[in-house]
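One-letter residues, chain by chain:
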Amino acid sequence: MKVLIVGGGGREDALAWKISQSKGVTKVFVAPGNAGTALRAENVPIKADDISALLAFAREKKVDLTVVGPEGPLSAGIVDEFAKAGLRVFGPSKAAAEIEGSKAFSKELMKKYGIPTAEYEVFEDRAAAEAYVREKGAPLVVKADGLAAGKGVIVAETIEEALDGLDRIMGKKEFGAAGNRVVVEECLKGEEASFMAFTDGKTVVPMASAQDHKRVFDGDKGPNTGGMGAYSPAPVVTVRLERQVMDEVMIPTVRAMEKEGRLFKGVLYAGLMIHDGRAKVLEFNGRFGDPETQPVLARLDTDLVAILEAVIDGTLAKADVRWKPESAVCVVIAAGGYPGAYEKGKEIAGLEQAGTREGVIVFHAGTSLRNGKVVTDGGRVLGVTGLGSVIAAAIDRVYAAARDISFEGAQYRKDIGARALETGS
Ligand code: AMP
Ligand code: GLY
C-alpha cells in the first residue's frame, strides 16, 4: 500500500515514522517533507497547499491513502477534491474543517449545542467591538476569526491592550482576511490541555492526553509560538475529566456537526482550559496538533494506518486503539529569534548521537538537506521526543538527547514536562 502524507513539519515526520511501521505499507511519500522525512520516506517537492499538483501526483503514483497534516489544505477543500476523484483521504471535508477555519462558526456551534466554552460576541464592525470591550472590561481575549497560524489571539490584560488587538486585527489587518470578523471573549483561567480524538463521524475514540507549551520561554514567559514542546499523558486530564470531556465536548460536537450537515471525519482536537476539575473549550482544530502528535504517536501501541482507514470507512468502533503505558516528552529545538525573525541554513550537529539514544526519536520540522548536510530551514527545527517508564525518566532522556544537538542560535525550553512532575504522574 502506498501512502502520501501532506505537510512538512514535526507532526508529519511523526506520521511518517509511525505510518512506515504499519503492516502492508510498502511506500510512503511526504509532500513537501523535510530532512527527517527524507530518511524515513520519499519527499515530493509539492507544497502542502498545491491541491491540484498533489491530486495529480496521487493519481499518477496510484497512492492508496493520503493523510493531510496542516489546516490550510483542509480548509481549502483538499479532502473534497480527492474524494471527488475517487481517492482515499484522511481528514475533514471543507465544510467540516470550518470548525477550525472560522472561530465565529465554532463558537456559534458551541453556543447552539450547549458545549462549555467562554462567553463571547462576534463583530464585523470595529466600533461595535470597541463598545463591547468597554462594556465588559479587561481581561478579555480578542481573536481573528480565520486561520492565523496560532498567532491571531490576543489575551488582553487591559482595555487598551484589547483595543490595540482590535486595531491589529481589524484596522491594520495583520492577519489579512482572517481579521474580517473578530471574536471577543471572556478570559478563562486554569490549566490548558490538548484533547485529540479520532472520529468517523459517529464513533469517537480519544487519543492519549497531551499538554503543549505555547510560550517561547521557560515558566510560560514570552510570546506565543506554534508550540515549544509537549508531553503525554497530561496528569491534569484525569479519568473523570476525560469522561466529562467525552460526554460534554467531543461526542456532542461530533453529533452537532452531523446535525449541521457537516459530518466530521478525521482528528477532532479540542484545546481545553481546565479549572476546578472542569473543562471548557478554547478552540477546536480539525487535525493532529503539532507538537502534541509527536509524543502522542510515540505512545500509540497499535497500527495507525488501520485506524485511519477505519475512520474513512466508518468502522472506527471496531478499530484497535491502544497506548503504551510509558510517558513521552517532546522538546522543540527552535531557531534563535523564533517566533520573531530568524535565520535559516545553519548546519545541525549531533543528530546521529541523539537519535541512537535508547527511547529517543528525533523528529524533524524546519530542516532541509544542503550538500548532503542537514541544515535549519524553519522556526521550529526539531522535536526531540523521548519515552520513559515515568515522566521524570522521559524528561532525563529527552534533555540528554537535546544537549547532543547543536546549531548556531539554537534555543529550547528547559522546563518541558515540569508541570506534570508537580502534579505527579
Ligand atoms: P486559541 O488559538 O484560540 O487556542 O488561542 C491560543 C491561546 O490563547 C490558547 O492556547 C490560550 O493560551 C489563549 N486563550 C485563547 N482563548 C482564551 C480564553 N478565552 N481565555 C484565556 N486564554 C485564552
Ligand atoms: N500545538 C497547537 C496546535 O497544533 O494547534
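Our structure's up above, just so we're on the same page.
Bear in mind the structure is a predicted one, so any value in this text is a computation, not a measurement.

What follows is about the overall build of the chain. Assigned secondary structure in the chain consists of 15 helices and 22 strands. Principal-axis analysis of the C-alpha atoms places the extent of the chain at approximately 60 × 45 × 40 Å. Residue burial in the chain is summarised as follows: out of 425 residues, 56% are buried. Look at the contacts in the chain between residues 6 or more apart in sequence, and 69% of them connect residues 24 or more apart. Accessible area for the chain stands at about 17,000 Å²; split by element, carbon and sulfur atoms hold 49% of it. The average position of the 55 basic charges and that of the 59 acidic charges among the side chains of the chain differ by 3 Å.

A few words on the sheet that holds strand β19 (residues 360-364). The sheet built from 5 strands is open, its strands ordered β12-β15-β18-β22-β19 with antiparallel pairing. The sheet is open, and its two borders are formed by β12 (211-212) and β19, each paired with just one other strand.

Adjacent strands of a sheet pair through backbone hydrogen bonds, lying either parallel or antiparallel. A sheet is described by the order of its strands in space; here 5 strands give the open sequence β3-β2-β1-β4-β5, paired in parallel fashion. Each of the sheet's edge strands pairs with one partner strand only, and the pair in question is β3 (42-43) and β5 (89-90). Note: strand β1 (residues 2-7) against strand β4 (residues 65-68), 4 bridges, orientation parallel. The partner of Ile5 across the bridge, within β4, is Val67. Sitting on the sheet, helix α12 (residues 304-313) is in contact with β4 and β5, with an inclination near 90° to β4.

Most of strand β22 (residues 380-388) is tucked away, with 8 of its 9 residues classed as buried. Pairing between strand β18 (residues 327-334) and β22: 8 bridges, direction antiparallel. Note on β22: the bridge partner recorded for Ala334 is Arg380.

Before going further, it helps to examine the site of ligand 1. Lining the immediate surroundings of ligand 1 are 15 residues, of which Glu185, Glu186, Leu188, Glu192 and Glu283 lie closest. Between an oxygen atom of ligand 1 and a side-chain N or O atom of Lys143, the distance comes to 3.0 Å. Glu192 is positioned such that a nitrogen or oxygen atom in its side chain is 2.4 Å from an oxygen atom of ligand 1. Considered on its own, ligand 1 offers 470 Å² of accessible surface; in the complex 93% of this is hidden by protein. Breaking the shell around ligand 1 down by element, the ones donating at least two residues are β7 (140-144), β8 (153-156), β9 (182-186) and β17 (278-285).

All right, on to the packing of helix α6 (residues 94-101) against helix α7 (residues 103-113) then. Where α6 meets α7, the axes come as close as 6 Å, and the angle between the chain directions of the two elements is 95°. One finds that α6 runs roughly perpendicular with respect to α7. Across the interface between the two elements, Glu98, Ile99 and Gly101 of α6 pack against Lys103, Phe105, Ser106 and Leu109 of α7. The class makeup of the residues in the contact of α6 with α7 is 3 nonpolar, 2 polar and 2 charged.

Within this structure, the stated rule accounts for 2 cavities of 30 Å³ or more. Every residue along the wall of the largest cavity is listed here: Ile99, Glu100, Ser102, Lys103, Ser106, Lys107, Lys143, Glu185, Leu282, Glu283 and Phe284. Of all elements in the fold, only α6, α7 and β17 reach the threshold of two or more residues within the lining of the largest cavity. A breakdown of the residues in the lining of the largest cavity according to their chemical character gives 3 nonpolar, 2 polar and 6 charged. Of the volumes computed, that of the second largest cavity is approximately 40 Å³. Val68, Leu74, Phe90, Gly91, Pro92, Gly266, Val267, Gly286, Arg287 and Phe288 together form the lining of the second largest cavity. Among the residues forming the lining of the second largest cavity, the class breakdown is 6 nonpolar, 3 polar and 1 charged.

Turning our attention to the side chain of Glu292. Position of Glu292 among the secondary structure elements: in the loop between β17 and α11 (293-298). For Glu292, which is buried and forms no salt bridge, the nearest opposite charge comes from Lys214, at a distance of 5.6 Å. Here Ser194 takes part through its side chain, which lies 2.7 Å from a polar atom of the side chain of Glu292. A polar atom in the side chain of Glu292 sits 2.6 Å from the side chain of Tyr269. Not counting the four nearest positions on each side in its chain, Glu292 is found in contact with Ser194, Met196, Ala210, Asp212, Ala230 and Tyr269.

With that out of the way, let us pick up the site of ligand 2. Within the structure, ligand 2 sits among Asp212, Gly226, Tyr269, Asn285, Arg287, Gly289, Asp290, Pro291 and Glu292. One of the backbone N or O atoms of Asp290 is found 2.8 Å from a nitrogen atom in ligand 2. Burial of ligand 2 by the protein amounts to 89% of the accessible area it has alone, namely 190 Å². Of the residues contributing to the shell around ligand 2, the split by class is 2 nonpolar, 3 polar and 4 charged.

Between side chains of opposite charge, a pair can form as their charged atoms come close. Counting across every chain of the model gives 33 salt bridges. Note that Glu283 and Lys103 form a salt bridge whose closest N and O atoms lie 3.7 Å from each other. One end of the pair, Glu283, is in strand β17; the other, Lys103, is in helix α7, with 180 residues separating them in the sequence. Residue Glu283 is classed as partly exposed on the basis of its relative accessible area, which comes to 21%. For Lys103, a relative accessible area of 16% corresponds to the buried category. Salt bridges linked by common partners bring Arg126, Glu130, Arg134, Asp167 and Lys172 together as one network.

Throughout the structure, instances matching the rule amount to 7 aromatic pairs. Taking the centre distance of 6.1 Å and the plane angle of 35° together, the rings of Phe90 and Phe288 count as tilted. On the criterion of sequence distance, the pair formed by Phe90 in strand β5 and Phe288 in the loop between β17 and α11 is long-range, its members being 198 residues apart. Across this residue pair, the class does not change: Phe90 and Phe288 are buried.

So, how was this worked out
- Residues numbered from 1 in each chain as written.
- Chains lettered and ligands numbered in written order.
- Predicted model: local features only at pLDDT ≥ 70, side-chain atom pairs only at ≥ 80, totals over all residues.
- Heavy atoms only, no water.
- Helix = DSSP H or I, 4+ residues; strand = E, 2+ residues; numbered from the N terminus.
- Buried < 20%, exposed > 50% of the residue type's maximum accessible area, 1.4 Å probe, protein only.
- Contact = heavy atoms within 4.5 Å.
- Areas by Shrake-Rupley, 256 points an atom, 1.4 Å probe, with all protein chains shown as cover.
- Lys, Arg positive; Asp, Glu negative; His and termini not counted.
- Charge placed at Lys NZ, Arg CZ, Asp CG, Glu CD.
- Pairing = 2+ DSSP bridges.
- Axes fitted to C-alpha atoms, helices over the stretch in contact; angles between N-to-C directions.
- Near = heavy atom within 4 Å.
- Polar contact = N/O pair within 3.5 Å; in protein donor to acceptor, adjacent residues only side chain to side chain.
- Parallel < 35°, antiparallel > 145°, perpendicular 65-115°, else oblique.
- Nonpolar A, V, L, I, M, F, W, Y, C, P; charged D, E, K, R; others polar.
- 1 Å grid on protein atoms, 1.4 Å probe; cavity = no way out; pocket = protein on both sides within 12 Å on 5 of 7 lines; lining within 4 Å.
- Points joined across faces, edges and corners; volume = space filled by probe spheres on them.
- Salt bridge = Lys/Arg side-chain N within 4 Å of Asp/Glu carboxyl O.
- Phe/Tyr/Trp six-rings, centres within 6.5 Å; stacked < 30°, edge-to-face > 60°.

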